[in-house]
Every structure is written in C-alpha cells, then in structure tokens.
Amino acid sequence: MGIRLATALVLAVALAAPRAQSLPSVQAGDIVITGGQLFDSLSGRIVPNTGIIVRQGIFLEVGASLQGLDLGAADVIGLAESETVLPGLFDLHAHYAIDLFGAGRVDEYTINPLIFLANGVTSTFPGGEVDPEGMMAARRHIERGEQIGPRLHSSGPYFGTARPGWRNADWTPERVRREVDEWAARGVRGFKAKGIAADHLAALIDQAHKYGLPVTGHLDSGARGSVNPRDAISMGIDRIEHFMGGDAISGDRGAYASLEELDVNRPEVAAIMRRYIERSVNYDATVTAYGYWFDPKDERIFTTWMDEQSFLTPYAREAANERLPRRSNDQFERIYEVKFGEVKKFYDAGGRHLITLGTDHPSWGEFLAGFGTHREMHAFVLAGIPPADAIRIATINGARALRLGDALGTIEPGKLADLVVVRGNPLEDIRHTRNVRHVIVRGVHHDPRALFDQARGKMGPASEAEAEWWKGNVRLGR
Ligand SMILES: [Zn+2]
C-alpha cells in the first residue's frame, strides 16, 4: 500500500471514529470555533455548537467535543450563546458591475469583493461579466492572497447580445464552441447566456458539458429569435434565471409582457415546473432584482441596516444621488408581485432543492449587491418558504448548481471551510443573517467590521478626472 493511500485511510478512520478518543491534537494555524449555535443543513435545525476545527481551510471536525484538548496553538473563536454558525452564502447572480453615471456598467472588483465577503457571501458567480479580463485578474489576486474577497467562480463574458459588441451574424456554433474551449481552459465555473439565438445556445450547452460546466440563461419568450426556457431545457440547459418560461410565456411578445400579468395558477405554469423537476434544472428566482427598479420600494425588504452609500467615494455618492430616484418602472413593480407567488409555487411543486439565490443588482449607487443576499433570503421567507430552506437555497443549492456540492455548501468534515457567524437565530427571523460577526473563507478568518472599514468611502471615482477615466471604461451591457 502506498504511503499516501495509507495516510488517507488513517485520516478517514480518524474522522469516522468516535470523537472523544480520536480527536487529533490542535495545531498552530488551526481555527477552533466553540460555543454558540450551528445550523445543521441536513435536518434544517439549529443545534448547539460543541466545536468546529478548521485546518488548512478544511473542516477537520464538526460537532467535536473539545474537552481536555489544549487549544493554545489555535485561533479560538468563542461564540456567545446567541451567535449562529451558517455555511458561507452563495450569490449566483453576483454583479460586480455598477452604473453610477447612467452611462453603462463597469465591473468594480476592488471594493465589491470586500463588501460581498463582509456580508458573509463567500461564493459569487457573476452571471455575466462586462470586463471578463479584469474580473479574471481580480480572481487571481484573491486566490493568491493579494486581495481580500469571496470565491470568484468566474462566469466569463456573456454569450449573446448582452455582450458589448456581439452581433449574431458574426457568430457560428463553431465559433461559440471555440470560445467555450478558451474560457474553460482559463478556469470559468460556468457560462452565462443572455440574448442568445437557439443554435448558439445549443452549441454553448453541448460544449460546456464536455468540461462538466453548467450553463445558465437569461432567456425570453421565443419571440424575435429568442429562446424560451422550455426549449433551452430540451437542449439540456442547467440553470435558468429570472422567469421559468413555458407556454404561459407567449411567443408572440416579449417575456416581460406575459410575466407582468402571469397567473401562477395556470396549468401551463404547473407543466413547466414539472419539466424543471424532471430535468433537475436550477431556477434562480431573482425576486428582489425587480424590486430595485420602482419607488416607493417594498418597505419590508428594502430597509437599510447600514449606510450602503457610505462605501462610495464622496464624489461618487454625490454623482449617484443627482440621478436618484430613478424613474419608476411600473412593469417591474407588477413582475415583482408575481415573483413571490411563482417562487412559492415552485417550492411547493417540489422544486425546493432546485431554487438558487441570485441578487442580480448591478447597483446604481443606491443599494449594493453585497447586501442583496440578505434581502433575497428575506423575500423567500416572505413568499412563504421556511427560513431553514431559505438558508439551504442560499448555501447548498448554490453549491450544487455550480457542481461544487461535494466541496462547499454545508458544514461537514472534509469540505472546504467557508462559514459565516451571525448574531441571533435566523430560523426565528431570517433578518438575523444581516448581523455578520465572523467570516471564514479559504481558511482565513475575517472580521466583517474591519472589511467594511477597509471599503468605506472607496467605491467609484474620487474626482472629476477619475470619473472621466471611469466613463471611458464603461462597457455597455444590461
Ligand atoms: Zn444580471
């Protein structure tokens, strides 16, 4: 037997054996979390946390009895009775893009990573990058420890007309496949289609699957050369964003027109939901995404528990406020109402394991995407989804949708130790997830208050001259 295999077996036996006897001694560099409560993803319950040991970024022990153990060498985080450990949160439509001048979106990957992480969001899938090269560089900086941020599961550029400069006539299925090869080699975690034609989408899905990478889509009704999610599911798409499609989204007009008056009790809606479940297609509901677009906003969700604009530079804050409030979008207000019923209907129909959380908020300076995860979880609960499942949607469902369910999404021995500690019991009030006390990602323990302090006053241009540079770097894309 090879030495490495023997070592692995010894470790596996140690992990499987009764804890009290086999507990390995704590080493320098370990993180030990004692006290407080722990969200158990399996049962959906909150249980007392007896002890968690993190070694080199991996959960070595969960539910450990630490009695008699010398913890002197470790970084010990002692929790108060009222604090709760949750798996790190996932935002699967995490826009780093912001639009402060109404000139278009710019990917802001300097300050946003701090704000995502300080909010307990340890995994982000941008869901369409306007500056994929810059995003890839930011990801490298984060992975090398040169910059602080969450896991950046790159989506690469949009496939379809959402990409700046994309013209369908320039693209063939073969060209789509070649580009999938390139971005797969560069380590993207999935692909995003938006405004894509059917033959391009079929090629994208087929080629992405050769690398085991999922494809997600912001699609349409089928009108004007668009693809209805119903047909994308037949092609094998893995994830759908915003709306479920099907025969209730009529192909003779744009999707939003059907969506704003959608009766979720129609049999066509039940039929498309069954299709998602049969094919295990993830659905990124983006409930709150619509809520940002009209005023007055839903006061239940769009409260602020921190001055989000304080993260902008004084110059950017003033510029953003000159354009606020934005013109209210009545159609999105009606769609927002529909979304609550739709996501609950899907949950009840058996889609609870398929719903994922995506914030989709390319901020215009008013609310920042990093805070949006908490708003979206709150929306799920207001829709009637139990808090425990809102947390699962924000954690393990997200991990599985990225094909990372074996490595992330729950607090279990052997998994990567991404976690967040919040104050309060989020099963009693989901808004307790907003009070983030500690975050661990990649084996590093962060103090959210320090991350917020580091980010404050720094997002966006600091002067007129910088603003000109900024506008010159805008890459349009919605
Ligand atoms: Zn988006």
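Computed from a predicted structure; not experimentally measured.

What counts and how
- Per chain, residue numbering runs from 1 following the sequence as it is written.
- With pLDDT at 70 or above as the cut-off, local features in this predicted model cover only qualifying residues; side-chain atom pairs require 80 or more to be listed or tallied, and sums for whole chains, interfaces and linings still use all residues.
- Only hydrogens and water are removed before side-chain values are computed, so all heavy atoms of the structure are retained for them.
- By definition, a salt bridge exists where a carboxyl oxygen of Asp or Glu is found within 4 Å of a side-chain nitrogen of Lys or Arg.
- Each residue's exposure class comes from its accessible area (1.4 Å probe, protein chains only) as a fraction of the maximum for that residue type: buried when under 20%, exposed when over 50%, partly exposed otherwise.
- Fitted lines through C-alpha atoms serve as axes, helices being fitted only where they are in contact, and the angles separating the N-to-C directions of these axes extend from 0 to 180 degrees.
- Numbered from the N terminus, helices here are DSSP runs of H or I no shorter than four residues, and strands are runs of E no shorter than two.
- Take the far helix as the reference: if the near one is turned anticlockwise from it by less than a right angle, the crossing is left-handed, and if turned clockwise, right-handed.
- Here, two residues are considered to be in contact whenever any of their heavy atoms come within 4.5 Å of each other.
- Note on residue classes: Ala, Val, Leu, Ile, Met, Phe, Trp, Tyr, Cys and Pro are nonpolar, Asp, Glu, Lys and Arg are charged, and everything else, Gly too, is polar.
- An angle below 35 degrees is treated as roughly parallel, one above 145 as roughly antiparallel, one from 65 to 115 as roughly perpendicular, and anything else as oblique.
- Only N, O and S atoms count as donors, using a 2.8 Å cut-off from the metal and 3.2 Å for Na, K and Ca, and because water is excluded some sites may appear unfinished.
- When the centres of two rings from Phe, Tyr and Trp lie within 6.5 Å, Trp using its six-membered ring, the rings pair. Their planes under 30 degrees apart give stacked, over 60 give edge-to-face, and anything left gives tilted.
- Only lysine NZ and arginine CZ atoms are considered, and such an atom sits over a ring when it is within 6 Å of the ring centre and within 35 degrees of the ring normal.
- In this analysis, strands are considered paired if DSSP registers two or more bridges between them.
- Orient the strands so they point away from the viewer, and a crossover whose first-strand-to-second-strand path over the helix runs clockwise is right-handed.

### Looking at the pattern of salt bridges
So, step 1. Enumeration over the complete set of coordinates arrives at 33 salt bridges.
So, step 2. Across the pair Arg144 and Glu146 runs a salt bridge, and its minimum N-O distance is 3.7 Å. In this pair, the class of Arg144 matches that of Glu146, namely exposed.
So, step 3. Look at the salt bridges and you will find they share partners, linking Arg177, Asp206 and Lys210 into a network.

### Observations regarding the packing of helix H5 (residues 173-185) against helix H6 (residues 198-210)
So, step 1. Running from N to C, H5 and H6 point in directions that differ by 30 degrees, and their axes come no closer than 8 Å. Like other packed secondary-structure pairs, H5 and H6 cross with a definite hand, here right-handed. Along the contact surface, H5 presents Pro173, Val176, Arg177, Val180 and Asp181, while H6 presents Asp199, His200, Ala203, Leu204, Asp206, Gln207, Ala208 and Lys210.
So, step 2. Across the contact of H5 with H6, the residue classes tally to 6 nonpolar, 2 polar and 5 charged.

### Let's talk about unusual backbone geometry
So, step 1. Residue Pro296 follows Asp295 across a cis peptide bond; omega there is -5 degrees.
So, step 2. For Pro296, the position within the fold is in the loop between helix H10 (287-291) and helix H11 (314-322).
So, step 3. The linkage connecting Leu324 with the following residue, Pro325, adopts the cis geometry, with an omega of -5 degrees.
So, step 4. Relative to the elements of secondary structure, Pro325 occurs in the loop between H11 and helix H12 (330-351).

### Quick look at the packing of helix H13 (residues 369-382) against helix H14 (residues 387-394)
So, step 1. In the contact formed by H13 and H14, the axes pass within 9 Å of each other and the chain directions differ by 140 degrees. With respect to H14, the element H13 is oriented oblique. Regarding H13 and H14, the two cross each other, and that crossing is right-handed. Contacts from Met377, Phe380 and Val381 of H13 reach H14 at Pro387, Ala390, Ile391, Ile393 and Ala394.
So, step 2. Tallied by class, the residues present in the contact of H13 with H14 amount to 8 nonpolar, no polar and no charged.

### So, the coordination of the zinc ion
So, step 1. Here the zinc ion is held by His93 (NE2), His95 (NE2) and Asp360 (OD), and the distances to it run 2.1 to 2.3 Å.
So, step 2. Mapped onto the sequence, the donors of the zinc ion take the spacing H-x1-H-x264-D. Of this pair, His95 sits in the loop between strand E6 (89-91) and strand E7 (97-98) while Asp360 sits in the loop between strand E16 (355-356) and H13; the two residues are 265 residues apart in sequence, bridging distant segments of the chain. Residue His95 shares its accessibility class with Asp360, and that shared class is buried.

### Things to note about the packing of aromatic side chains
So, step 1. Applying the stated rule across the entire model yields 23 aromatic pairs.
So, step 2. Ring geometry for Tyr276 versus Phe346: centroids 5.8 Å apart, planes at 70 degrees, classification edge-to-face. In this pair, Tyr276 sits in helix H9 (residues 267-279) while Phe346 sits in helix H12, placing the two residues 70 residues apart along the sequence. Like Tyr276, the residue Phe346 is buried in the burial classification.
So, step 3. An aromatic cluster of at least three residues, connected via ring pairs, comprises Phe243, Tyr256, Tyr290, Trp293, Phe332 and Trp364.
So, step 4. Note that Arg239 overlies the ring of Phe125, its terminal NZ or CZ placed 5.0 Å from the centroid.

### Focus: the pairing of strand E13 (residues 215-218)
So, step 1. By the alternation rule, side chains of E13 split into Val215 and Gly217 and Thr216 and His218, which are all buried.
So, step 2. For strand E12 (residues 191-194) and E13, the ladder comprises 4 bridges, and the chain directions are parallel. The residue bridging Lys194 from the neighbouring strand is His218, located in E13.
So, step 3. You can see the chain leave E13, run along helix H7 (residues 229-235) and come back into strand E14 (residues 239-241), and the turn it takes is right-handed.

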